[in-house]
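If you want the building blocks of each chain, they are given just below.
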Amino acid sequence: MAPERSQSSGKPQQSRVHVLPLTVVLVFSALVVTAVVAAKHYLSNPRNLPVKTMAIKGKFRHLDRDNLRRVMSKAIDGGFFTTDIQRIRQAGLSLPWVDDVSITRVWPDQLIMEVTEQQPVARWGDKALVNGRGQVFYPVKPMRKWPELRLSGADEKAPVVLDFYAQVKAGFAARDLHIRSLALDERAEWNIRLDNGLEIVLGRNDAAERLQRFLGLYAEISTKELKPVRVDLRYEQGFAVDWQEQDTGSGQESDA
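Residues numbered from 1 in each chain as written. Predicted model: local features only at pLDDT ≥ 70, side-chain atom pairs only at ≥ 80, totals over all residues. Heavy atoms only, no water.

Student: How should the nonpolar core be read in this particular structure?
Tutor: It is characteristic of soluble globular proteins that their nonpolar side chains tend to be buried jointly. Of all hydrophobic cores here, the largest spans 34 residues; its most connected members are F172, I200, L211 and F214. Breaking this core down by element, the ones donating at least two residues are strand 4 (120-124), strand 5 (128-131), helix 4 (158-173), strand 8 (179-184), strand 9 (190-194), strand 10 (199-203), helix 5 (207-222) and strand 12 (240-244). At seven residues, helix 4 tops the list of elements feeding residues into this core. Core analysis: the second largest hydrophobic core is formed by 21 residues, I56, L63, V101 and F137 among them. (Core = buried A, V, L, I, M, F, W, Y, C linked by side-chain atoms within 4.5 Å. Buried < 20%, exposed > 50% of the residue type's maximum accessible area, 1.4 Å probe, protein only. Helix = DSSP H or I, 4+ residues; strand = E, 2+ residues; numbered from the N terminus.)

Student: Before we go on, may I ask you to explain the packing of aromatic side chains in this structure?
Tutor: In this description, an aromatic ring pair is defined by two values, namely the gap between the centres and the angle between the planes. In this structure the tally under the stated criterion is seven aromatic pairs. Taken together, a centroid distance of 4.1 Å and an interplanar angle of 20° make the contact between F164 and W190 stacked. Here F164, found in helix 4, pairs with W190, found in strand 9; they are 26 residues apart in sequence, far enough to count as distant. With respect to burial, F164 and W190 carry one shared label: buried. An aromatic cluster of three or more residues is present, and its members are F80, F81 and W107. (Phe/Tyr/Trp six-rings, centres within 6.5 Å; stacked < 30°, edge-to-face > 60°.)

Student: Please explain the sheet that holds strand 2 (residues 98-106) as it appears in this structure.
Tutor: Sheet strands pair via backbone hydrogen bonds, and the direction of the pair is either parallel or antiparallel. Across the sheet, three strands lie side by side as 1-3-2; this open sheet has mixed pairing. Each end of this open sheet is capped by a strand with a single partner; those strands are strand 1 (53-57) and strand 2. Along the sheet, successive strands turn relative to each other by an average axial angle of 20°, direction set aside. Lying on the sheet, helix 2 (residues 65-74) is in contact with strand 1, strand 2 and strand 3 (110-117); it crosses strand 1 at an angle near 135°. (Pairing = 2+ DSSP bridges. Axes fitted to C-alpha atoms, helices over the stretch in contact; angles between N-to-C directions. Contact = heavy atoms within 4.5 Å.)

Student: What am I meant to see in unusual backbone geometry here?
Tutor: Of all residues except glycine, most have a negative phi; of all peptide bonds, most are trans. Omega for the bond connecting W107 with P108 falls within 30 degrees of zero, at 10°, which places this linkage in the cis form. Positive phi, close to 65°, is recorded for A188, a residue that is not glycine. Here A188 shows up in the loop between strand 8 and strand 9. The class for A188 is partly exposed, based on a relative accessible area of 30%. Unusually for a residue other than glycine, D206 sits at a positive phi of about 50°.

Student: Would you mind going over the pairing of strand 3 with me for this structure?
Tutor: Regular strands place side chains that alternate from one sheet face to the opposite one. Sheet topology places strand 1 next to strand 3; five bridges connect them, and they run parallel. Residue pairing for strand 3: T53 is matched across the bridge by Q110. Across eight bridges, strand 2 lies against strand 3 in antiparallel orientation. Residue pairing for strand 3: D100 is matched across the bridge by T116. Counting the residues between successive antiparallel strands, the hairpin from strand 2 to strand 3 contains three residues.

Student: How do you make sense of the environment of E236 when you look at a structure like this?
Tutor: Along the polypeptide, E236 turns up in the loop between strand 11 (227-232) and strand 12. Residue E236 is classed as exposed on the basis of its relative accessible area of 64%. Here the alpha-carbon distance between E236 and D206, two residues 30 residues apart in the chain, equals 10.0 Å. In terms of polar contacts, E236 uses its side chain to reach the side chain of R210, at 3.5 Å. (Polar contact = N/O pair within 3.5 Å; in protein donor to acceptor, adjacent residues only side chain to side chain.)

Student: Where do I start with the layout of surface pockets in this structure?
Tutor: Any empty space left between atoms is shown by rolling a water-sized probe over those atoms. As a volume, the largest pocket reaches approximately 500 Å³. Considering the residues around the largest pocket, the lining is formed by 15 residues, among which H62, L63, D64, W97 and K141 are closest to the centre. Here the residues of the lining of the largest pocket are counted per class, giving nine nonpolar, two polar and four charged. Space inside the second largest pocket adds up to approximately 170 Å³. If you trace the second largest pocket, you find it lined by R61, H62, E117, Q118, Q119, P120, M143, K145 and P147. Classifying every residue of the lining of the second largest pocket by side-chain character gives three nonpolar, three polar and three charged. (1 Å grid on protein atoms, 1.4 Å probe; cavity = no way out; pocket = protein on both sides within 12 Å on 5 of 7 lines; lining within 4 Å. Points joined across faces, edges and corners; volume = space filled by probe spheres on them. Nonpolar A, V, L, I, M, F, W, Y, C, P; charged D, E, K, R; others polar.)

Structure, rendered in structure tokens:
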């Protein structure tokens, strides 16, 4: 009978062995969840880990560093972990002379702003500038010295105008000529003015091809006694030239 009592007394002990670890796991899990929630609450409070330092890096000719700092500081809406980086970036990009902004968090309380200033390649219309990617921006203050090259057209056409300029400028440079203005009007017609004062009307169809044909004959045209002041290439065959007499100032037109 003794062995039977021994087996009966062993069962409760085996049951307690399984119950205790489960209880410990549940308690530990609850503590972890509580700690995570508390940590999240602590870190989300900007008063606990505020952004204390903002460093702005970049080389600027037109940007005001102090104004840039003020604008981007106003966009800080949280602490080190919770402040909206994209909101700060968009605040910087709202300034006309800012081309790009990248922001890095540096523990424990610093934000580093890498700011790239716009690099205009030409004047755009009367009041704007355009960068090398065809993005138009409007400076708040007029420039003291505008770029010599002037491009114009609808703002959304700036990449097209810039691309066309890149296609044709080498042909002029090979003849020691340089484009001073290039315009694409509302009728999609091209107009060019050179540094020697010559105006070239290209029209809208096959503009690049017509221009190449004209440049092939430019050496012959430029050696004439009369100075060409305007060339109209909107003809299927040939082109029209307006001539300016150098001595009297009177003009006349001929077809080529």
